[in-house]
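One letter stands for each residue in the lines below.
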Amino acid sequence: MDSPLGTPHPSLPPLEKHLLQAEVVLQAQRWPELEARSQKIFERVLEGFLRYRVGEEHFYSVTGYGHNDLGREVMDQVFAHALEAEAALVRPQLVSGTHALSVALNGCLKPGDSMVCLTGPPYDTLEEVLGLRGDSPASLKARGVAYHECSVFDAENRFTPELSPLMETLVREAQLVYLQRSRGYSQRPTLDLAQLHTLIEQTRQINPDALVLVDNCYGEFVEAHEPTHPSIGADLMAGSLIKNPGGGIVPTGGYIAGRAEVVSACADFLTAPGIGREGGYLFELTRTFLQGLFLAPGVVKEALKGMTLAAKLFSESGYDVCPRWDSPRSDIIQALHLQNPDTLKTFCRLLQSVSPVGSHLTPVGAVTPGYQDELMMAGGTFIDGSSIELSADAPLRPPYTVFFQGGLTYAHTRYALKTVLSGLRAEETLC
Ligand SMILES: *Cc1c(COP(=O)(O)O)cnc(C)c1O
């Protein structure tokens, strides 16, 4: 654990052997549970297709206003069923996860309201939405919504379930409580659904009227339930279709799901009051959205298997990783703490070199809209920016953590890990 890029671990077997040994352990200790959970989730997703009688007639979009688009209505119901929510708004007009979250926040909050985020700094792109950075006249702050932030993670990034007196006060005065499930690009671990439930229960006790909104990005179909399931209790959640729920084939879009009346308010904000969810052309994407959802549980499982293998191989190669290979997961992200900008660049370069698209390109750090630090992004994806496809993001700041995620097939992740680790091993012996 001490020397990430010093001398190679003395007892490390040759790479091929290391890989096979790791897989024997994972096959015995991790894959059966993952397969069983994925099967259950798949069955729930399929059940929605059967219940709402999805037919070929639903694959055609109504042009213009998009009024009376049966496919759009059925698609929303099928997604709601899969996401264990009363209602869902699934639209290409939600241009990203950030946009879906922005619409959800704006649909729920009005001037004079206050919100509190209990999970520490929100995902980078939310900063401008909230008005913490930049000076957009359309930010929540500019619209007169007060934002407060505290964290249920302590200085060592451990989850502390009891809310402090300050947090209780903020929750009591808030109209909306915001919880981010995934770690994003932070060092804190991902909040699992049991922890989410604990926080939601406490919120309800302090302030039964507050709406609870969960940023569910990267979390869909990882655990047996979704945050809006009654046993977890969120009112609303939002996410991106170029992450988990799009199954790797949906080319754009986002979703908002939860209590029907709240989803309707969000639809009014997305389109216009009076139009709400009744309008909006689907650009002939309904079939792809539904097919993506159908594939999603299997694709998420492949991604989880790949990331579990990454955790095992990298930790055994001397790197700190989070989560560990034998820990439960609540999102598809694997953090690998590479400690050193050169190691990070090598990782990204080699990952890119075995990507199906743009393998000849060299990733470099760049300023990215919505993000403050320079960001390295690797992974040539079929859909630009899709992070259910194998990809790595790394803000260029200590401890040079690579946030590794996705992988449409385990085979690809396995091959990529072999390439990256053999490259890192070669560099180690060179220095
Ligand atoms: C990806 C992500 C977002 C933003 O989604 P985009 O589609 O990239 O705009 C928000 N929150 C979390 C935790 C994410 O992982």
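Quantities reported herein were computed from a predicted structural model and do not represent experimental measurements. (Residues numbered from 1 in each chain as written. Predicted model: local features only at pLDDT ≥ 70, side-chain atom pairs only at ≥ 80, totals over all residues. Heavy atoms only, no water.)

**Q** Help me out: how do you make sense of the site of the ligand in this one?
**A** Within the structure, the ligand sits among S96, G97, T98, L101, Y123, Q180, S182, D215, C217, Y218, S240 and K243. The separation between an oxygen atom of the ligand and a polar main-chain atom of G97 is 2.7 Å. With 3 residues, the top contributor of residues to the shell around the ligand is helix α4 (residues 97-108). Broken down by class, the residue content of the shell around the ligand amounts to 4 nonpolar, 6 polar and 2 charged. (Near = heavy atom within 4 Å. Polar contact = N/O pair within 3.5 Å; in protein donor to acceptor, adjacent residues only side chain to side chain. Helix = DSSP H or I, 4+ residues; strand = E, 2+ residues; numbered from the N terminus. Nonpolar A, V, L, I, M, F, W, Y, C, P; charged D, E, K, R; others polar.)

**Q** What is the right way to read the pattern of salt bridges from this model?
**A** Close approach of charged atoms allows side chains of opposite charge to pair. A complete count under the given rule lists 22 salt bridges for this structure. Across the pair R349 and E427 runs a salt bridge whose closest N-O atoms are separated by 3.5 Å. Of the two residues, R349 sits in helix α10 (residues 341-353) while E427 sits in helix α11 (residues 410-430), which places them 78 residues apart along the sequence. The exposure class assigned to R349 is partly exposed, which follows from its relative accessible area of 36%. Overall, the relative accessible area of 29% leaves E427 in the partly exposed class. The structure contains a network of salt bridges with shared partners spanning R204, D235, R259 and E261. (Salt bridge = Lys/Arg side-chain N within 4 Å of Asp/Glu carboxyl O. Buried < 20%, exposed > 50% of the residue type's maximum accessible area, 1.4 Å probe, protein only.)

**Q** Would you explain the layout of surface pockets in this entry?
**A** Over the atoms rolls a probe the size of a water molecule, and its path tells where empty space is left. The computed volume of the second largest pocket comes to approximately 390 Å³. What lines the second largest pocket is a set of 23 residues, and nearest its centre among them are D192, S327, P328, R329 and S330. Mapped by element, the contributors of at least two residues to the lining of the second largest pocket are α2 (31-51) and α9 (286-316). It is α2 that provides the largest number of residues to the lining of the second largest pocket, a total of 3 residues. When grouped by side-chain class, the residues that make up the lining of the second largest pocket number 9 nonpolar, 5 polar and 9 charged. (1 Å grid on protein atoms, 1.4 Å probe; cavity = no way out; pocket = protein on both sides within 12 Å on 5 of 7 lines; lining within 4 Å. Points joined across faces, edges and corners; volume = space filled by probe spheres on them.)

**Q** I tried to follow the sheet that holds strand β11 (residues 391-395) on my own but got confused; where do I start?
**A** The pairing of strands in a sheet comes from backbone hydrogen bonds and takes either a parallel or an antiparallel form. Spatial strand order, β8-β9-β12-β11-β10: 5 strands in an open sheet with antiparallel pairing. Since the sheet does not close on itself, it has two edges, and those belong to β8 (320-322) and β10 (375-378), each with one partner. Adjacent strand axes in the sheet meet at a mean angle of 20°, parallel and antiparallel pairs treated alike. Sheet topology places β10 next to β11; 4 bridges connect them, and they run antiparallel. Residue pairing in the sheet places L375 in a bridge with P395 of β11. Each of β8, β9 (333-337) and β12 (401-405) is contacted by α9, which is oriented at about 15° to β9, the strand it contacts most. (Pairing = 2+ DSSP bridges. Axes fitted to C-alpha atoms, helices over the stretch in contact; angles between N-to-C directions. Contact = heavy atoms within 4.5 Å.)

**Q** Help me understand the packing of helix α3 (residues 70-82) against α9 in this model?
**A** The relative placement of two packed helices comes down to the angle between their axes together with the axis-to-axis distance. In contact at an axis separation of 10 Å, α3 and α9 are set at 15° when each is read in the N-to-C sense. Comparing their axes, α9 and α3 come out roughly parallel. Here the hand of the crossing between α3 and α9 comes out left-handed. Residues G71, R72, M75, V78, F79 and A82 of α3 form the contact with α9, whose own contacting residues are T286, F289, L290 and L293. The class makeup of the residues in the contact of α3 with α9 is 7 nonpolar, 2 polar and 1 charged. (Parallel < 35°, antiparallel > 145°, perpendicular 65-115°, else oblique. Left-handed = near helix turned anticlockwise from the far one by under 90°.)

**Q** When you look at the nonpolar core in this model, what are you seeing that I'm missing?
**A** What tends to happen in soluble globular proteins is that the nonpolar side chains get buried as a cluster. One finds L105, M115, I256, F314, F347 and F404 to be the most contacted residues of the largest nonpolar core, which totals 130 residues. No other element matches the 14 residues that α9 contributes to this core. (Core = buried A, V, L, I, M, F, W, Y, C linked by side-chain atoms within 4.5 Å.)

**Q** How should I be thinking about the pairing of strand β1 (residues 87-91) in this particular structure?
**A** For a regular strand, side chains alternate in direction, first toward one face of the sheet and then toward the other. Burial of β1 is extensive: 5 of the 5 residues sit out of reach of the surface. Residues of β1 alternate between two faces, with A87, L89 and R91 on one and A88 and V90 on the opposite face, all of them buried. Note that β1 and strand β7 (residues 254-258) share 5 bridges and pair antiparallel. Looking at β7, one finds that L89 is bridged to I256.

**Q** It is not clear to me how the sheet that holds β7 should be interpreted in this structure. Could you clarify?
**A** If you walk across this open sheet you meet the 7 strands as β1-β7-β6-β5-β4-β2-β3, and the pairing is mixed. Sheet topology places β1 and β3 (146-149) at the edges, where each strand pairs with a single neighbour. The mean angle between the axes of side-by-side strands here comes to 20°, regardless of whether they run parallel or antiparallel. Two strands pair when backbone bridges link them, and strand β4 (residues 176-180) and strand β5 (residues 211-215) are joined in this way by 5 bridges, in the parallel orientation. Across the sheet, the residue bridging to Y178 is L213, located in β5.

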